[in-house]
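# Structure at a glance
Read off the chains here:
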Amino acid sequence: MTLSLDVRHRRGGFELQARFETGAGVTALFGPSGSGKTTILDLIAGLERPASGRIAIDGEALADTSTGAWIPSHRRRIGYVFQDSRLFPHLSVRQNLEYGARFSLRRGKPPERQRIVELLGLGTLLDRQPGTLSGGERQRVAIGRALLAS
């Protein structure tokens, strides 16, 4: 999967201008606090629309202000794990994971629940509530939910 991004965006008093293209594999964004990393992720995920520019995956425009193209976030098939994990506090770990798995089922792909639970070491946490988890445990549950959503 390749991502190409060429955007301008304003968030409050901050103006972002970014242009890059990724190859297949893992890509990391890094920089000082306030440099626009989260803004870029929000734009790619479709949580915000760029003021101008284009974002595409494998040549397919997710957003293109010149043509009006816009794919809503729920159709982008992008897993986004927020820094604060954003788990549903009223659901157990198991239920939070099942929430993610429902998106796989809608696409006809059976989720690999047990494999993800083992991979992330979540077996002993399944019946716990998010409020009782450490920050790292919450992050692992959020990653599991994103993986189960495919």
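In the block above lies the structure referred to throughout.
Residues numbered from 1 in each chain as written. Predicted model: local features only at pLDDT ≥ 70, side-chain atom pairs only at ≥ 80, totals over all residues. Heavy atoms only, no water.

Where nonpolar side chains cluster on the molecular surface, the patch consists of Leu119, Ile143 and Leu147 and spans about 270 Å² of accessible area. Following the sequence through the fold, Ile143 ends up in helix α4 (residues 135-148). With a relative accessible area of 34%, Ile143 lands in the partly exposed category. (Patch = residues over 30% accessible without salt bridge, like charges linked within 9 Å, V, L, I, M, F, W, Y side chains within 5 Å. Areas by Shrake-Rupley, 256 points an atom, 1.4 Å probe, with all protein chains shown as cover. Salt bridge = Lys/Arg side-chain N within 4 Å of Asp/Glu carboxyl O. Helix = DSSP H or I, 4+ residues; strand = E, 2+ residues; numbered from the N terminus. Buried < 20%, exposed > 50% of the residue type's maximum accessible area, 1.4 Å probe, protein only.)

Right, let's talk about the sheet that holds strand β3 (residues 52-57) for a bit. Think of a sheet as strands paired side by side through backbone hydrogen bonds, with each pair either parallel or antiparallel. Read from one edge to the other, the open sheet built from 5 strands follows the order β2-β1-β3-β4-β5, with strand pairing classed as antiparallel. The strands lining the two open edges of the sheet, one partner per strand, are β2 (14-21) and β5 (69-70). Note: β3 against strand β4 (residues 60-64), 4 bridges, orientation antiparallel. Across the sheet, Arg54 pairs through a bridge with Asp64, a residue of β4. Packing of helix α1 (residues 37-45) onto the sheet brings it into contact with β1 (3-11), β2, β3 and β4, and relative to β1 it is tilted by some 115 degrees. (Pairing = 2+ DSSP bridges. Contact = heavy atoms within 4.5 Å. Axes fitted to C-alpha atoms, helices over the stretch in contact; angles between N-to-C directions.)

This part covers the pattern of salt bridges. Scanning the model with the defined rule gives 10 salt bridges in all. Note that Glu98 is salt-bridged to Arg113, the shortest N-O span being 2.6 Å. Placement of Glu98 in helix α2 (residues 93-106) and of Arg113 in helix α3 (residues 113-120) is noted, with a sequence separation of 15 residues between them. We classify Glu98 as partly exposed; its relative accessible area is 31%. On the basis of relative accessibility, which here comes to 32%, the residue Arg113 falls in the partly exposed class. Close ionic contact of Arg128 with Glu137 constitutes a salt bridge, the shortest N to O distance being 3.8 Å.

Along α1, the residues that are buried comprise Thr39, Ile40, Asp42, Leu43, Ile44 and Ala45. Considering only its buried residues, α1 is in contact with β1, β2, β3 and β4. After α1 finishes, the residue Gly46 shows a positive phi value of roughly 85 degrees.

One finds Val93, Leu97, Leu122, Leu133 and Val141 to be the most contacted residues of the largest nonpolar core, which totals 14 residues. Secondary-structure elements contributing two or more residues to this core are α2, α3 and α4. Apart from the residues within four sequence positions on either side, Leu122 is in contact with Leu97, Val117, Arg140 and Val141. One finds Leu16, Ala18, Ile40 and Ile57 within the second-largest nonpolar core, a separate group that totals 13 residues. (Core = buried A, V, L, I, M, F, W, Y, C linked by side-chain atoms within 4.5 Å.)

Tallying each qualifying case throughout the model produces 1 aromatic pair. Relative to Tyr99, the ring of Phe88 lies with its centre 4.8 Å away and its plane at 70 degrees, an arrangement referred to as edge-to-face. With Phe88 in the loop between β5 and α2 and Tyr99 in helix α2, this residue pair connects regions lying 11 residues apart in the sequence. Here the basic side chain of Arg76 rests over the ring of Trp70, its NZ or CZ set 4.5 Å away from the ring centre. (Phe/Tyr/Trp six-rings, centres within 6.5 Å; stacked < 30°, edge-to-face > 60°. Lys NZ or Arg CZ within 6 Å of the ring centre and 35° of its normal.)

On to α3. Structural remark: α-helix, 3.6 residues per turn; residues separated by three or four positions point the same way. Turning to α3, its buried residues number three or more, namely Ile116, Val117 and Leu120. Here the buried residues of α3 occupy an arc of 100 degrees about the axis, which is enough to place them on one side. Opposite the buried face of α3, at more than 90 degrees from it, the exposed residues are Glu118 and Leu119. Positive backbone phi, approximately 65 degrees, marks Gly121, located one or two places after α3. (Arc of directions from axis to C-beta.)

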